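For reference, the chains in residue letters:
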Amino acid sequence: MADIKREIERKYESDDSGLPDLTGVAGVADVIDKGLVELDATYYDTQDERLASAHITLRRRTGGSDEGWHLKFPVSEGVRDEIHAPLSDAVPRVLTGLIRSRVRNAGLRPEVRLRTARDIRHLVDADGTLLAEVSVDAVRAERLTGDGGEVQWTELEVELADDGDPAFLDKVEKRLRKAGVRPAKAPSKLARALAETTPGGKKARKAKASAAAEAEAAAAAAEPSEPVTAGDHVLAYLRTQRDAIVGLDPAVRRDEYDSVHRMRVAARRMRSVLHSYGKVLDRTVTDPVSEELRWLGGELGVDRDQEVLAERIAAAVGRLPRTLVTGPIRNRLRIWGNARRSGSRRRLIAVLDGRRYLTLLDVLDALIAEPPWLDKASGDPAKVIGKAVRKDYGRLASLVDQAIDLPPGHDRDLALHEARKKAKRTRYAAESAVPALGDPAATLVKSAKSLQNLLGEHQDSVMARGAIRDIAAQAHAAGESAFTYGLLYGREESSAAGYEAELPGLWASVREKTDL
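Remember, it's a predicted structure, so these values are computed and weren't measured experimentally.

J.: Can you help me understand the overall build of the protein chain in this one?
T.: A count of helices and strands for the protein chain gives 15 helices and eight strands. Dimensions along the principal axes, computed over C-alpha positions, put the protein chain at roughly 80 × 65 × 45 Å. Looking at the 516 residues of the protein chain, the share that counts as buried comes to 46%. Charge separation in the protein chain, taken as the distance between the mean sites of 82 positive and 81 negative side-chain charges, equals 3 Å.

Put into structure tokens, the structure is as follows:
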């Protein structure tokens, strides 16, 4: 098993003068010497340093109170989530899964070894409660690949205590700056080690730095900082969604709240934009990619849809008076939800570990690197993108009008569901168009979202009725009362009728606000 900890720390440059006096920091009653600890850490990465490029670190460390394997994901500047697994010879499987979206089929290898002599101080308040750990780290870094070199340096590290107030680090930094200490230039020890131990020695490091600077300058000259063409805008949106899919993979595996939903939305956004901009990107190339994104969204939906239904039905039961809840309703719901969710979770992890998903990630990378542009890609964004968004909106208008004209019942339910899907596509197309079209696109995003939410509530009611019917059948077969399930079903029918009654007014408002 792996433990997760949020790490909030700051690093500073240091010389041989050691740690400045921190007894003057507001709130600090004492600075306790905790002695010297020898740490020996080996950092792993792929040959092309995929983890480092994503600011992710994977290390095996001995020494100290938390020796073992550590996997760190960036959260924000100075904040990382650290996942700890027990010491072993090989990388634990619980960690390799969390980096699979980055590593994929590439192998991991030892890249850098850091040996650190850590002189530790604890900053405590008047009650003896730990506020932060401050250390002076004498670091010796060794590149383990090729004929890489070695480098040594000393730095200060201040790590906030668990559940501490991040504002306390500002107080420590104010004291350190007053003593002449400045923040470290490198964001981490590994980043500095990689930069200063390039294989080939000092001359090779200098050449690599020069080449990197030239490449960066060439890239800056070749690519505008802001999107210019229609293709630029579409590609920027696609890149954001690709990054979201890859970045959310570890959160989905860790079953973080709402991660499945957000990953599914990223896949939908990408697929929708590939459809919407068929005049910008060649659909003979992108349609197969869209189908794979549809498949991924469907696999993610198995878990997400179950969550939504379980939460909706449980909330409905909670709103009923106790006198109307007959039989072991909550227990029955729990059994139903857990059985379905357990199976879907296992299936989802198998999907994320599978060849088809990893191939899709490679295909998305290739699509971003070499987009299959058509002539319209170089066109005026306002014209090209505006036309695509207006086309999606026109199709949405047709579907909503048709659904409103149908009588209540199964056919209208299906029509409203199709309108809901088109509202999503229109919303995502409008989202991608905001940088190019400005306020009109932003207004359409809000309007399409309102429409999507209403139609989504209606569809959830349709799905909830089916689930309630299934659960009621299970309860009846077990000899339990089905009275409450009938009540819940009836209330869902009433809710759906209310949503349908609200739709014409909302749709009239959307039409009035839309001005593309």
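After that view, the rundown keeps rolling.
J.: I tried to follow the environment of Arg 312 on my own but got confused; where do I start?
T.: Mapped onto the fold, Arg 312 is located in helix H9 (residues 283-318). Counting along the chain gives 148 residues from Arg 312 to Asp 460, while the straight-line C-alpha distance between them is 8.4 Å.

J.: Looking at this structure, how should I read the sheet that holds strand S6 (residues 109-124)?
T.: Strand pairs in the sheet, formed through backbone hydrogen bonds, run parallel or antiparallel to each other. Spatially, S1-S5-S4-S3-S2-S6-S7-S8 is the arrangement adopted by the eight strands of the closed barrel, whose pairing is antiparallel. Taken over all neighbouring pairs, the strand axes of this sheet differ in orientation by 35 degrees on average, direction set aside. Pairing of strand S7 (residues 130-143) with strand S8 (residues 150-160), which is carried by 11 bridges, proceeds in the antiparallel orientation. Along S8, the bridge assignment pairs Val 139 with Trp 153.

J.: Hey, could you run me through the packing of aromatic side chains in this one?
T.: We describe a pair of aromatic rings using the distance from one ring centre to the other and the angle between the two ring planes. In this structure the tally under the stated criterion is two aromatic pairs. On the basis of an interplanar angle of 50 degrees and a centroid distance of 5.3 Å, the ring pair of Tyr 44 and Trp 69 is categorised as tilted. Taken as a pair, Tyr 44 in strand S2 (residues 30-45) and Trp 69 in strand S4 (residues 68-76) lie far apart in primary sequence, 25 residues in all. The two residues Tyr 44 and Trp 69 agree in class, both being buried.

J.: Help me understand the pairing of S4 in this model?
T.: Along a regular strand, successive side chains alternate from one face of the sheet to the other. Pairing of strand S3 (residues 57-62) with S4, which is carried by five bridges, proceeds in the antiparallel orientation. Bridging from a neighbouring strand, Arg 59 pairs with His 70 of S4. Sheet topology note: the S4/strand S5 (residues 79-85) ladder contains seven bridges and is antiparallel. Note on S5: the bridge partner recorded for Lys 72 is Glu 82. If you look at the hairpin formed by S4 and S5, you'll find two residues sitting between the two strands, and Gly 78 has a positive phi there, around 80 degrees.

Rules used throughout
- Residues numbered from 1 in each chain as written.
- Predicted model: local features only at pLDDT ≥ 70, side-chain atom pairs only at ≥ 80, totals over all residues.
- Heavy atoms only, no water.
- Helix = DSSP H or I, 4+ residues; strand = E, 2+ residues; numbered from the N terminus.
- Buried < 20%, exposed > 50% of the residue type's maximum accessible area, 1.4 Å probe, protein only.
- Lys, Arg positive; Asp, Glu negative; His and termini not counted.
- Charge placed at Lys NZ, Arg CZ, Asp CG, Glu CD.
- Pairing = 2+ DSSP bridges.
- Axes fitted to C-alpha atoms, helices over the stretch in contact; angles between N-to-C directions.
- Phe/Tyr/Trp six-rings, centres within 6.5 Å; stacked < 30°, edge-to-face > 60°.

Geometric descriptors of this kind do not, in isolation, establish any biological role.
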